[in-house]
Amino acid sequence: MASIPSVGTLIYLLLGGVVAGILSSAASFASLASYPLLLSVGVAPVYANVTNDAALIWNSLGSVFASGRELHGHWRQVWTYGFFTVIGSVMGCILLLAFPGKVFEKVVPFFILIAGAMILISGKHQPDLTHQKPQWLKEMYIFFLVIVGGYAGYFGAASGIVILVLLTYLTDEGFLVANAIKNAVCGFTNLVALIIYSFTSKIYWWDAFPMAIGMFIGGYLGPIILRYIPAKLMRWVIAFLALIQAIIFFRASRS
């Protein structure tokens, strides 16, 4: 049984959770702060990933509470796209249990760089609501959602960015709405991962609880902050954070 952290550690995890929550709900980058946060308090890497999922659910809940304006009239899309992403997440979790995540570590930095480039490219997308998308194109985007859901369940780094890009094309909505839908959809994938890992792995609940509180607060603040930041600037911030995370993962994979 894991020991109860000190008061200082609990406060450290709570404040770190706030930062991670803002990064997640505003820029799809919780793992840039939350995963290293857990490692820094002594949680082993294999369990840090699972414990992180337990806290991330509250981040999604906080962001949904703050995004009522953006999600109004879009809940059918949330449930539809969430369903397909969850299918992929279940497959990804099963793969992770069968094949350790280290199989993927060499490829992840390049995947993150591609994700960062994709968020910039998607910013040039001009919605055309006067024409219906071809059915084959919709099906292709949904197929990619399943694939990215699988990646999210298996490893997860930068998966939120790719989901955001796909939703930009699927919904033909602006950045704020697409990001709000993304936060809700990612909440479903994290919930599924948590349920599966609760029975198959070990969760450090004493570390997850303060992080979850912080992530709920950060998740609530993120969408509010986004309303005051130009979408173009936010896309560049996400791309920059992708570059930083890619460097971190690349160095880790070579050590």
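Residues take numbers from 1 onward in each chain, read along the sequence in its written order. Only residues with pLDDT of at least 70 get local features here, since the model is predicted, and only at 80 or more are side-chain atom pairs given and counted; chain-wide, interface and lining totals rely on the full set of residues. Side-chain measures here rest on the full set of heavy atoms in the structure, leaving out hydrogens and waters.

### A word on the pattern of salt bridges
Argument step 1. Here a salt bridge means any side-chain nitrogen of Lys or Arg lying within 4 Å of a carboxyl oxygen belonging to Asp or Glu. The tally for this structure, following the rule as stated, stands at one salt bridge.
Argument step 2. Of the charged contacts, one joins Glu70 and Arg227 as a salt bridge, the two residues approaching to 2.9 Å between their closest N and O atoms. One end of the pair, Glu70, is in helix α4 (residues 68-71); the other, Arg227, is in the loop between α10 (205-226) and α11 (231-254), and 157 residues separate them in sequence.
Argument step 3. A 1.4 Å probe rolled over the protein chains alone gives each residue an accessible area, and that area as a share of the maximum for its type sets the label: buried under 20%, exposed over 50%, partly exposed in between. Take Glu70: its relative accessible area is 8%, and that puts it in the buried class. The helix count covers DSSP runs of H or I at least four residues long, the strand count covers runs of E at least two residues long, and both are numbered beginning at the N terminus.

### A closer look at helix α7 (residues 135-154)
Argument step 1. The span one expects for a helix is its residue count, reduced by one, times 1.5 Å. If you check α7, its first and last C-alpha atoms are 29 Å apart, about what 20 residues at 1.5 Å a residue would give, namely 28 Å.
Argument step 2. Among the residues making up α7, those that are buried are Leu137, Tyr141, Ile142, Leu145, Val146, Val148, Gly149, Gly150, Tyr151, Gly153 and Tyr154.
Argument step 3. Contact criterion: two residues are considered in contact whenever any of their non-hydrogen atoms come within 4.5 Å of each other. As for α7, its buried residues are in contact with α5 (75-98), α6 (108-122), α8 (159-171) and α9 (175-200).
Argument step 4. Downstream of α7 by a residue or two, Gly156 has a phi angle that is positive, lying close to 100°.

### Focus: a nonpolar patch on the surface
Argument step 1. Each patch is built from residues that are more than 30% exposed by relative accessible area and take part in no salt bridge. Like charges join if they lie within 9 Å; nonpolar side chains (Val, Leu, Ile, Met, Phe, Trp, Tyr) join within 5 Å. Here the Shrake-Rupley method, with its probe set to 1.4 Å, supplies the accessible areas, and only the displayed protein chains count as covering residues. A surface patch of nonpolar side chains, about 730 Å² in accessible area, is lined by Trp58, Leu61, Phe65, Ile213, Ile217, Tyr220, Leu221 and Ile225.
Argument step 2. Elements supplying a minimum of two residues to the nonpolar patch: α3 (45-66) and α10.
Argument step 3. A total of five residues in the nonpolar patch trace back to one element, the largest contributor, which is α10.
Argument step 4. In this fold, Ile225 is placed in helix α10.
Argument step 5. Residue Ile225 is classed as partly exposed on the basis of its relative accessible area of 35%.

### A closer look at the environment of Ala231
Argument step 1. For Ala231, the position within the fold is in helix α11.
Argument step 2. A relative accessible area of 35% means that Ala231 is categorised as partly exposed.

### What to know about unusual backbone geometry
Argument step 1. Although it is not a glycine, Asp172 adopts a positive phi angle of roughly 55°.
Argument step 2. With respect to the helices and strands, the residue Asp172 is situated in the loop between α8 and α9.
Argument step 3. With relative accessibility at 12%, the residue Asp172 sits in the buried group.

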